[in-house]
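# Per-entry structural report
Spelled out, the chains give:
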Amino acid sequence: MIKVLVNGALGRMGSEVVRAAFHAEDMELVGGVDPTGAGKKLLLPDGTEGTLYTDLSEALEKAQPDVVVDFTRPAVVMDSLRVILDKGVRAVVGTTGFTDERLAEVKVLADANHTAALIAPNFSLGAVVMVKLAVEAARYFPDVEIIEKHHDQKLDAPSGTAILTAQKIAEVRKAHRQGHPDEKETLAGCRGGDYEGIRLHSLRLPGYVASQEVVFGSQGETLKIINDPVNRECYMPGVLLGCRRMMERQGLVYGLDQLLD
């Protein structure tokens, strides 16, 4: 049995992970962590109460998990990972906001403590396939823009999935500026962010979960690749897969696609 601890257990994604790990036949949910949990309960699907901690270090010491699933916030995730990896515990992370510098530090921590960390911008299997299809399409359609759409409580923009998509596309095409060479923004930001000439646009509205559209343009036609989740349950197969596969890994793994190949 894989002993799973959920960091950010009272959040929307954390609550889904609690339910998924509870029902997984090869996993044991050993508790949840949430700094806002004082006086609150970790309600389990069968109506009982799980163990809820407010301090991550205490949870690691008492619960002795094999893996911590982290869905917290970009501002605190690195502090959490330093604690988790220093204890030699594996981490499966869905929190976004990872820069190259942060990834480099996670790699050093994982290697130094002989453990492993999965950093996945998106756990949706559909999103993983979307990125793979986008990379293939970019070999034939170099002009591309990315539109990502999230709920209005998401703190970072663009999303980690949009950045990963742009990074993967940039690996197979030459960077170039898209649009008219003399175009000008009459309102700053209208053309979106720029990654190696790829424009990224972020929508933040109630009603969205985490959708993305990759739009390719060519003479006389467009090609669109869309991933459109309707609820957070779609991420759970990827999260559980990450927990299982990371038990056999060492070091840093960036992207769920690295566990599927």
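Residues numbered from 1 in each chain as written. Predicted model: local features only at pLDDT ≥ 70, side-chain atom pairs only at ≥ 80, totals over all residues. Heavy atoms only, no water.

Attention now goes to the overall build of the protein chain. Check the secondary structure of the protein chain and you find seven helices and 14 strands. The principal-axis extent of the C-alpha atoms belonging to the protein chain is close to 60 × 40 × 30 Å. Taken over 261 residues, the protein chain has a buried fraction of 49%. A separation threshold of at least 6 residues defines the contact pool for the protein chain, and within that pool the share at least 24 residues apart is 69%. Of the roughly 12900 Å² of accessible surface on the protein chain, a fraction of 51% belongs to carbon and sulfur atoms. In the protein chain, which carries 29 positive and 37 negative side-chain charges, the distance between the mean positions of the two groups comes to 2 Å. (Helix = DSSP H or I, 4+ residues; strand = E, 2+ residues; numbered from the N terminus. Buried < 20%, exposed > 50% of the residue type's maximum accessible area, 1.4 Å probe, protein only. Contact = heavy atoms within 4.5 Å. Areas by Shrake-Rupley, 256 points an atom, 1.4 Å probe, with all protein chains shown as cover. Lys, Arg positive; Asp, Glu negative; His and termini not counted. Charge placed at Lys NZ, Arg CZ, Asp CG, Glu CD.)

Among all positions of helix α3 (residues 77–86), only V77, M78, S80, L81, I84 and L85 are buried. End-on view of α3: buried residues confined to an arc of 150 degrees, all on one side of the axis. Where α3 is buried, its residues contact β1 (2–7), α2 (56–63), β6 (67–70), β7 (90–93), α4 (100–112) and β8 (116–119). (Arc of directions from axis to C-beta.)

Glancing now at the layout of surface pockets. Taken as a whole, the largest pocket holds about 1000 Å³ of empty space. For the largest pocket, the lining is made up of 42 residues, of which M13, F71, T72, R73 and T95 are closest to its centre. For the lining of the largest pocket, the secondary-structure elements that each account for two or more residues are α1 (12–23), α3 and α6 (160–170). Here the lining of the largest pocket is composed, by residue class, of 16 nonpolar, 18 polar and eight charged. (1 Å grid on protein atoms, 1.4 Å probe; cavity = no way out; pocket = protein on both sides within 12 Å on 5 of 7 lines; lining within 4 Å. Points joined across faces, edges and corners; volume = space filled by probe spheres on them. Nonpolar A, V, L, I, M, F, W, Y, C, P; charged D, E, K, R; others polar.)

One pass over the structure, following the stated rule, counts one cavity of 30 Å³ or more. Space inside the largest cavity adds up to approximately 30 Å³. Every residue lining the largest cavity is listed: N122, H150, S159, T161, A210, S211, Q212 and N227. Top element by residues in the lining of the largest cavity is strand β12 (residues 210–218). It accounts for three residues. Broken down by class, the residue content of the lining of the largest cavity amounts to one nonpolar, seven polar and no charged.

Our next topic: the side chain of E148. For E148, the position within the fold is in strand β9 (residues 143–150). A distance of 2.7 Å separates a polar atom in the side chain of E148 from a polar atom in the side chain of H150. Engagement of the side chain of E148 in a polar contact is seen with the backbone nitrogen of S159, the distance being 2.9 Å. If we skip the residues at most four places from it in the chain, E148 touches P158, S159, A162, H201, S202, L203, R204, S211 and Q212. (Polar contact = N/O pair within 3.5 Å; in protein donor to acceptor, adjacent residues only side chain to side chain.)

The next point concerns the packing of aromatic side chains. By convention here, two paired aromatic rings are described through the distance between centres and the angle between planes. Scanning the entire structure with this criterion turns up two aromatic pairs. On the numbers, 6.4 Å between centres and 55 degrees between planes, the contact of F141 with F216 is tilted. A residue pair is termed long-range when its members are at least 10 positions apart, and F141 in the loop between α5 (125–138) and β9 and F216 in strand β12 qualify at 75 residues. Each member of the pair, F141 as well as F216, is classed as buried. (Phe/Tyr/Trp six-rings, centres within 6.5 Å; stacked < 30°, edge-to-face > 60°.)

Direction of pairing for β12 relative to strand β13 (residues 221–227): antiparallel, over a ladder of seven bridges. Counted as the bridge partner of V215 is K224 from β13. Hairpin remark: β12 followed by β13, antiparallel, with two residues in the connecting loop; positive phi at G220, about 80 degrees. (Pairing = 2+ DSSP bridges.)

A few words on the nonpolar core. If you look at the biggest cluster of nonpolar residues, it comprises 36 residues, and the most contacted ones within it are V4, V69, V92, L118, F123 and L256. For this core, the secondary structure elements donating two or more residues are β1, α1, β2 (27–33), β6, β8 and α7 (236–246). For L118, the residues in contact, after removing those within four places along its chain, are A91, V92, V93, F123, G242, M246, V253, G255, L256 and L259. With 23 residues, the next largest nonpolar core counts L5, V33, I84 and L109 among its residues. (Core = buried A, V, L, I, M, F, W, Y, C linked by side-chain atoms within 4.5 Å.)

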